Amino acid sequence: MTDTVSEFVAPDDQADPSPEAATVEQELIDQLVEQARSKGLQLTGEGGPLRQLTKAVLEPSATAGLLHQLAREIE
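Residues numbered from 1 in each chain as written. Predicted model: local features only at pLDDT ≥ 70, side-chain atom pairs only at ≥ 80, totals over all residues. Heavy atoms only, no water.

### A closer look at the overall build of the protein
- When helices and strands are tallied, the protein shows 3 helices and 0 strands.
- In the protein, the succession of α and β elements from N to C terminus is α-α-α.
- Expressed as a percentage of the 75 residues in the protein, the buried residues total 3%.
- Total accessible area on the protein stands at roughly 7,000 Å², and carbon and sulfur atoms take up 57% of it. (Helix = DSSP H or I, 4+ residues; strand = E, 2+ residues; numbered from the N terminus. Buried < 20%, exposed > 50% of the residue type's maximum accessible area, 1.4 Å probe, protein only. Areas by Shrake-Rupley, 256 points an atom, 1.4 Å probe, with all protein chains shown as cover.)

### A closer look at the confidence of the model for the protein
- Per-residue confidence for the protein averages 76 on the pLDDT scale, and 77% of its residues sit at or above 70.
- Here helix 1 (residues 12–15) stands out as the element of the protein with the lowest mean pLDDT, 50, in contrast to helix 3 (residues 49–74), whose mean of 86 is the highest.
- Within the model, the stretch residues 1–13 combines pLDDT values under 50 with 2 contacts to residues more than four positions away or in other chains. (pLDDT = per-residue confidence, 0-100. Contact = heavy atoms within 4.5 Å.)

### Digging into a nonpolar patch on the surface
- On the surface, Leu-32, Leu-53, Val-57 and Leu-58 cluster together into a nonpolar patch covering about 350 Å² of accessible area.
- When residues in the nonpolar patch are grouped by element, the largest group, 3 residues, is from helix 3.
- Of note, Leu-58 is situated in helix 3. (Patch = residues over 30% accessible without salt bridge, like charges linked within 9 Å, V, L, I, M, F, W, Y side chains within 5 Å. Salt bridge = Lys/Arg side-chain N within 4 Å of Asp/Glu carboxyl O.)

Written out as structure tokens, the structure is:
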């Protein structure tokens, strides 16, 4: 079996977010950080919001990548 690594390239519409989108993203980040701190949670580490957010973002991407690779191998 040959392992391959493909580089992720963001779609053009997500490559350079508008200033408004960047502001919304920063506001969401600020809210998450404030909520974690107000509850006395560490941002990183086991059960921290950073770990949860990373998992929520990466799992669907990894699944889609695996499905794409399987489809290519079946062809």
